[in-house]
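Residue strings, one per chain:
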Amino acid sequence: MSIREDPIRTRSIVIIAFVVLAAGVGAYFVWSHYAQPKAPPQLEYVVSPSLDVLNTPAVVHETVAILKYGDRVEILRIRGDWAQVRVRGGAEGWISTKEVIPAKAFEAGQKLLHQVSGMQAQATGHATLAVNIHVEPGRDAPVLGLFTEGQNLDVFNRRVIARNAAGSGASMAASTPSVSDVWYLVRSDSQAGWVLGRMIALDIPEAISQYAANSNVVAWFVLDKVRDGDAHVPQYLVADREGTVQFDYTRVRVFTWSRKTHHYVTSFVQGGLKGIFPIRTERHHNVPYFRLRLVANSGEKYQGVYGLFRTIVRHIGRVDGWESNAMPGRR
């Protein structure tokens, strides 16, 4: 080897070393930009029915674990839309960040689920499209997960919230419909939360569908069942809303079954109401009763209590406040 070749070799080695060093530095900055570890690692919860934990976020990957809704994971680091996690048992892998929520939001969702478990559903329906589930009624409220298109839902409450207002749980909003959203408190399986009302279609029972075709039915309840031959036919309390978005319902009707003509008849109707959900039904001495949470013209909150005696509805009386379970005094 000639003496003139040594400088060339030295120069080549220096260039190669510089390129390798530059590539390493560049890779470090790219990783540090897209993979910021959370300090300290935090716990999050799975909100998908089923979630694969992958050994790598690359296109070619293997599944190292399968998680279900409510499983807890420890977030180790974030890279774009991917999170490296440690699951129960110690296995580590990668999941989509869209499939988990922070522990605080998950716990709030569990509280909502416990809350509605003690409430009476006002209606049933389904999601017309995929819709986000929120902790509170409001577009900026934390998201708990997603209801899929067509998913069946029980409806428990309703709120009208100004679009520029944070979810507050207020029972009514004074803003106009053009700048407000209607929200429903709903439950499906093991999830509960608030969703945009326009994304929910109510599944009105076929028995009262003819009446519903000409009314904005918002709630219905089976008060009792009567026997007609071999069949036990339900008798319904139905609430509808007319001319306002501020109140949940403005009119109620009771449909009873005529065993003589074998069809429903309207045995009771009362309109001009300023009603707020939830409507409650109960039984005393085998008599069905229902309670309406109403607002007087003066703004006073009270309950109207009614009973269904065979096919006759009687107004039992009035109870001050919305939370009392007391029955009105005997009239």
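So, here is what we can say about the structure in this document. These numbers come from a predicted model, not from an experiment.

### Section: the overall build of the protein
Alright, step 1. When you go through the protein residue by residue, the secondary structure sums to three helices and 22 strands.
Alright, step 2. Taken over 331 residues, the protein has a buried fraction of 42%.
Alright, step 3. Summarising the internal contacts of the protein: among those between residues at least 6 apart in sequence, 50% fall at separations of at least 24.
Alright, step 4. Accessible surface computed for the protein: about 18,600 Å², of which carbon and sulfur atoms make up 54%.

### Considerations on the nonpolar core
Alright, step 1. One finds Leu144, Phe147, Val186, Val195 and Val238 to be the most contacted residues of the largest nonpolar core, which totals 38 residues.
Alright, step 2. Counting residues per element, this core draws most heavily on helix H2 (residues 103-117), which supplies six residues.
Alright, step 3. If we skip the residues at most four places from it in the chain, Phe147 touches Leu129, Ala130, Val131, Ile133, Leu153, Val186, Ser188, Gln191 and Val195.
Alright, step 4. By size, the runner-up hydrophobic cluster in this structure holds 21 residues, among which are Ala239, Tyr249, Phe268 and Leu308.

### A closer look at the sheet that holds strand S17 (residues 251-258)
Sheets are built from strands paired through backbone hydrogen bonds, the pairs being either parallel or antiparallel.
Alright, step 1. Spatially, the four strands line up as an open sheet ordered S15-S16-S17-S18, and their pairing is antiparallel. The open sheet has two free edges, formed respectively by strand S15 (217-228) and strand S18 (263-270), since each of these has just one partner strand. Strand-to-strand twist in this sheet, taken as the mean axis angle between neighbours without regard to direction, amounts to 25 degrees.

### A word on the pairing of strand S5 (residues 82-87)
Alright, step 1. With six bridges joining them, strand S4 (residues 72-79) and S5 adopt antiparallel strand pairing. Directly across from Arg77, in S5, lies its bridge partner Gln84.
Alright, step 2. What sits between the antiparallel neighbours S4 and S5 is a turn of two residues, in which Gly80 has the positive phi angle 65 degrees.
Alright, step 3. Hairpin connection from S5 to strand S6 (residues 92-96): four residues lie between these consecutive antiparallel strands, with Gly89 at a positive phi of about 105 degrees.

### Describing the pattern of salt bridges
Alright, step 1. Counting across every chain of the model gives 11 salt bridges.
Alright, step 2. Between Arg86 and Glu74 there is a salt bridge; the shortest N-O distance is 3.0 Å. Here Arg86, found in strand S5, pairs with Glu74, found in strand S4; they are 12 residues apart in sequence, far enough to count as distant.
Alright, step 3. Close ionic contact of Asp181 with Arg139 constitutes a salt bridge, the shortest N to O distance being 2.6 Å.

### What about the packing of aromatic side chains?
Alright, step 1. Counted by the stated rule, this structure contains nine aromatic pairs.
Alright, step 2. Note on Trp257 and Tyr264: the rings are 4.9 Å apart at their centroids and 75 degrees apart in plane angle, and the pair reads as edge-to-face.
Alright, step 3. The interplanar angle of 55 degrees and the centroid separation of 5.5 Å between the aromatic rings of Phe268 and Tyr306 together place this pair among those described as tilted. With Phe268 in strand S18 and Tyr306 in strand S21 (residues 301-309), the pair connects residues that are 38 residues apart, well separated along the chain.
Alright, step 4. Taken together, the ring pairs connect Tyr45, Tyr69 and Phe106 into an aromatic cluster.
Alright, step 5. Residue placement shows Arg314 over the ring face of Phe309; its charged tip is 5.0 Å from the ring centre.
Alright, step 6. The ring of Tyr302 has Arg318 sitting right over it, with the charged end atom 3.9 Å from the ring centre.

### A few points about the side chain of Arg158
Alright, step 1. As for its placement among the helices and strands, Arg158 is situated in strand S11 (residues 152-162).
Alright, step 2. Classification of Arg158 by relative accessible area gives buried; the value is 1%.
Alright, step 3. Within the local environment of Arg158, its side chain forms a polar contact with the backbone oxygen of Phe247, the two atoms lying 3.5 Å apart.
Alright, step 4. If we skip the residues at most four places from it in the chain, Arg158 touches Val182, Trp183, Tyr184, Trp194, Arg241, Val245, Gln246, Phe247, Asp248 and Phe277.

### Considerations on unusual backbone geometry
Keep in mind that most residues, glycine aside, have a negative phi and that most peptide bonds are trans.
Alright, step 1. Geometrically, the link from Phe277 to Pro278 is a cis peptide bond, its omega value of 0 degrees lying close to zero.
Alright, step 2. Structurally, Pro278 can be placed in strand S19 (residues 275-284).
Alright, step 3. Here Asn286, not a glycine, exhibits a phi torsion of approximately 65 degrees, which is positive.
Alright, step 4. Tracing the backbone through its elements, the reader meets Asn286 in the loop between S19 and strand S20 (287-295).

### Quick look at the sheet that holds S20
Alright, step 1. Strands sit in the order S19-S20-S21-S22 across an open sheet of four strands; the sheet is antiparallel. The strands lining the two open edges of the sheet, one partner per strand, are S19 and strand S22 (312-320). Between one strand axis and the next, the sheet turns through 25 degrees on average, direction left out of account.
Alright, step 2. Summarising the sheet, S21 and S22 pair through eight bridges and their orientation is antiparallel. Bridge assignment links Val305 to a residue of S22, and that residue is Gly317.

Basis of the calculations
Throughout this document, residue positions are counted from 1 along each chain, in the order its sequence is written. Since the coordinates come from a predicted model, pLDDT governs what is reported: local features require at least 70, and pairs of side-chain atoms require 80 or more to be given and counted, while whole-chain, interface and lining totals use all residues. Based on all heavy atoms of the structure, the side-chain values leave hydrogens and waters out of the count. Helix numbering and strand numbering both begin at the N terminus, where a helix is a DSSP run of H or I of at least 4 residues and a strand a DSSP run of E of at least 2. The rule is simple: take the accessible area with a 1.4 Å probe, protein chains only, and divide by the maximum for that residue type; under 20% is buried, over 50% is exposed, in between is partly exposed. Contacts are assigned to residue pairs with any non-hydrogen atoms lying within 4.5 Å of each other. Each accessible area is a Shrake-Rupley result for a 1.4 Å probe, and residues are judged covered by the shown protein chains and nothing else. For this analysis, a nonpolar core means a set of buried residues of the types Ala, Val, Leu, Ile, Met, Phe, Trp, Tyr and Cys, connected via side-chain atoms within 4.5 Å. Strand pairing is defined by DSSP finding a minimum of two bridges between the two strands. Axis angles are defined between N-to-C directions and span 0 to 180 degrees, where every axis is a line fitted to C-alpha atoms and, for a helix, only to the segment in contact. Definition used for salt bridges: Asp or Glu carboxyl oxygen within 4 Å of a side-chain nitrogen of Lys or Arg. Two rings belonging to Phe, Tyr or Trp (six-membered ring only in the last case) form a pair when the distance between their centres is within 6.5 Å. Interplanar angles under 30 degrees mark stacking, angles over 60 mark edge-to-face geometry, and anything in between is tilted. For a Lys NZ or an Arg CZ to count as sitting over a ring, it must be within 6 Å of the ring centre and within 35 degrees of the ring normal. Between N or O atoms, a polar contact is any pair within 3.5 Å; within protein, one atom must be a potential hydrogen donor and the other a potential acceptor, and residues adjacent in sequence are included only when both atoms are from side chains.

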